[in-house]
Amino acid sequence: MSEKIIIFDTTLRDGEQSPGASLNVYEKLEIARQLAKLNVDVIEAGFPVSSPAQFEAVKRIADESEVIIAGLARAKEIDIKTAFDALRNAKKPRIHTFSSTSDYHILGKFGDSKYGATLEEKRKTVLKMSYDAVAYARTFCSDVEFSAEDAGRTDIGYLADIIETAIEAGATTVNIPDTVGYTFPSEYSGKIAELKRRVKNIDKAIISVHCHNDLGLAVANSISALQIGARQVECTINGIGERAGNASLEEIVMALKVRKDLCDFYTDINHTEIISTSRMVSGFTGVVVQPNKAIVGENAFAHESGIHQDGMLKNRETYEIMTPESVGVNKTKIVLGRHSGRHGLKARLIELGYHLNEDELQKAYDAFLEIADKKKEVFDEDLRTLMGDEIYRDDEKYELQYMHVNAGTGTIPTATVQIKSGEKVVQESSPGDGPVDAVFNAIERALGIKPTVESYNVRSVTSGRQALGEAIVRIREDENSYNGRGTSTDIIEASAKAYLQAINHYLVTTEKKLEVFETESV
Ligand code: KIV
Ligand code: ZN
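Residues numbered from 1 in each chain as written. Chains lettered and ligands numbered in written order. Predicted model: local features only at pLDDT ≥ 70, side-chain atom pairs only at ≥ 80, totals over all residues. Heavy atoms only, no water.

Participant: Lay out the sheet that holds strand E4 (residues 68–74) in plain terms, naming residues and giving numbers.
Facilitator: In space, the eight strands of this closed barrel follow the order E2-E3-E4-E5-E6-E7-E8-E9, with parallel pairing throughout. Averaged over all pairs of adjacent strands, the angle between strand axes in this sheet comes to 25°, irrespective of strand direction. When strand E6 (residues 144–149) meets strand E7 (residues 173–178), the two strands line up parallel, connected through three bridges. In the sheet register, Ser-147 faces E7, and the bridge partner there is Asn-175. (Pairing = 2+ DSSP bridges. Helix = DSSP H or I, 4+ residues; strand = E, 2+ residues; numbered from the N terminus. Axes fitted to C-alpha atoms, helices over the stretch in contact; angles between N-to-C directions.)

Participant: An account of the nonpolar core is requested, with residue identities and associated values reported.
Facilitator: Ranked by internal contacts, the top residues of the largest apolar core, which has 110 residues, are Ile-7, Ile-163, Ile-176 and Phe-368. Core analysis: the next-biggest nonpolar cluster, separate from the first, contains 29 residues, Tyr-398, Ile-443, Ile-475 and Leu-500 among them. (Core = buried A, V, L, I, M, F, W, Y, C linked by side-chain atoms within 4.5 Å. Buried < 20%, exposed > 50% of the residue type's maximum accessible area, 1.4 Å probe, protein only.)

Participant: An account of the domain arrangement of the chain is needed here, citing residue identities and associated values.
Facilitator: Taken domain by domain, the chain holds domain 1 (3–285), domain 2 (301–330), domain 3 (342–389) and domain 4 (399–518). Listed as interface residues are seven residues of domain 1 and, on the opposing side, six residues of domain 4. Summed over the shared surface of domain 1 and domain 4, the number is zero salt bridges. Partitioning the side of domain 1 that touches domain 4 into residue classes produces two nonpolar, five polar and no charged. (Domains from an automatic or database assignment. Contact = heavy atoms within 4.5 Å. Salt bridge = Lys/Arg side-chain N within 4 Å of Asp/Glu carboxyl O. Nonpolar A, V, L, I, M, F, W, Y, C, P; charged D, E, K, R; others polar.)

Participant: Can you lay out the sheet that holds strand E14 (residues 452–460) for me, pointing to particular residues and giving the numbers?
Facilitator: Taken in spatial order, the three strands of this open sheet run E14-E15-E16, and their pairing is antiparallel. Each of the sheet's edge strands pairs with one partner strand only, and the pair in question is E14 and strand E16 (480–488). On average, each strand axis in the sheet is tilted by 15° relative to the strand beside it, whichever way the strands run. Inspection of the sheet shows E14 paired to strand E15 (residues 469–477) by eight bridges, in the antiparallel sense. Each residue of the ladder has a partner; that of Ser-460, found in E15, is Gly-469. Here helix H16 (residues 491–510) sits on the sheet in contact with E14, E15 and E16, set at roughly 145° to E16.

Participant: Kindly report on the packing of helix H1 (residues 25–38) against helix H2 (residues 52–64), identifying the contributing residues and their values.
Facilitator: The geometry of H1 relative to H2 is characterised by a closest axis approach of 9 Å and an angle of 35° between their N-to-C directions. Here H1 runs over H2; the crossing is right-handed. Taking contact as the criterion, the partners of Val-25, Lys-28, Leu-29, Ala-32 and Arg-33 in H1 are, on H2, Ala-53, Gln-54, Glu-56, Ala-57, Arg-60, Ile-61 and Glu-64. (Left-handed = near helix turned anticlockwise from the far one by under 90°.)

Participant: Describe the packing of H2 against helix H3 (residues 77–87), and please don't skip the residues or the numbers.
Facilitator: Each packed pair of helices is defined by two parameters, the angle between the axes and the distance between the axes. Packing of H2 against H3 brings their axes to within 7 Å, and their N-to-C directions diverge by 40°. Classed by the angle they form, the pair H2 and H3 counts as oblique. In this structure, H2 contributes Phe-55, Val-58, Lys-59 and Ala-62 to the contact, and H3 contributes Thr-82, Asp-85, Ala-86 and Leu-87. (Parallel < 35°, antiparallel > 145°, perpendicular 65-115°, else oblique.)

Participant: Can you break down the packing of aromatic side chains residue by residue, with the values?
Facilitator: Enumeration according to the criterion identifies nine aromatic pairs in this entry. With 5.3 Å between their ring centres and 25° between their planes, Phe-84 and Phe-140 make a pair best called stacked. Placement of Phe-84 in helix H3 and of Phe-140 in the loop between helix H5 (119–138) and E6 is noted, with a sequence separation of 56 residues between them. Relative accessible area serves as the criterion here: at 25%, Phe-140 is assigned to the partly exposed category. Ring plane angle 85° and centroid distance 4.9 Å describe the contact between Phe-110 and Tyr-115, whose orientation is recorded as edge-to-face. Through a chain of ring-to-ring contacts, three or more aromatic side chains come together here, namely Phe-84, Tyr-136 and Phe-140. (Phe/Tyr/Trp six-rings, centres within 6.5 Å; stacked < 30°, edge-to-face > 60°.)

Okay, here's the thing in structure tokens:
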């Protein structure tokens, strides 16, 4: 009989740990609502103790969601208590606590002699901490998940002991993460099989898998573990996450669906919401999906060569193992224009998965009119880009009020910008190597900071000369990365907005203030 696989989505927790991909509370709420529409079983909404903003986001999601909401907590009382405080109003709360279990992690994180003089003693300390953490979490809620961090590189005997202990303490799900994406599929599934043999109470908990993609094996490893008995898989939309990311939700779900002949599993995922979810996550995080990415990449269903196109025309199955429609690719494009009105816009945005309050709708409508004036036809992709741009941003402290760029052959490009914050406006000009460099320099002069630009990309959102241009800028400051995204039919303006948004991200996250806006104007 077909068995259900539990889909645990960690886009909002592990996914948000992608370089630069920080999300604000409104964006997280929208993604959580879309994940509910996608019908995931568990949403890991964040790590509540790590910051007030994380706490707030987990709480807001827990307050309104019908889905199981998980909050991450280290094996510490303060983490667990804070996680539960955030989850208190959830209809189905889950505390997800974890300990480091590999020798690398134990020696690295528990080096202090207070945890024991030898590795053996330190392992015992971690074992006890894990038991205590799970038992403490169980005093708050009946759904407790325990993860053995870096299980992929943990000695199998010790891993079996710690998993047995966690189940004894009351863990209802036990997760075996390949934290550093190190294992091969046969090795990883071998570990799961060995745990099933060694852990005598294993049937009292669900086995979960959580694979990182450092060797590009996250999805293969996850599926190999499901085939051997794991029944929960942890994954993210677009595969985003720490370093090379996590196993991609859409790839796992569609692999299980398409190859049901090999593994008789089902998920409750609503496949036709995959594309909408992918686009929303990419829009809000600023993490671009590579064109050849399986399932959700722009080229995933494109057939370029003549032979392929001919084969497709005769019979789609010649070169297509699933239909684009099955994941929500909409072939009949709905086009809006200036005359579609607020209601038309609102209805289409709801269909695309966005829920706006009156203020947000007004902002979206103004931005929509601006685009509609310039390019007449507004496509779904334009709307998604617009939503990812600035509609939910209440942290836009520094705004681009005005920009003028002078560039051409035989002239030195120069830019002038006016940046507004509250009532104050600062104007600066600068030359540059090109118009984008000039405008970035002018922004830096106006703000009095010079972040390192880690990456800068521009693309057109739809086709045609009037297409909306989207710029994504990633900056690095104080050893962290921050993404910014800007859109406009003018790519220099899009670039300026993206750069400023990345700087806003940095300043708001670090609560830094800029001297130039703090001093009174003379
Ligand atoms: O990769 C990992 O080990 C994790 C755990 C916290 C589950 O993200
Ligand atoms: Zn992880």
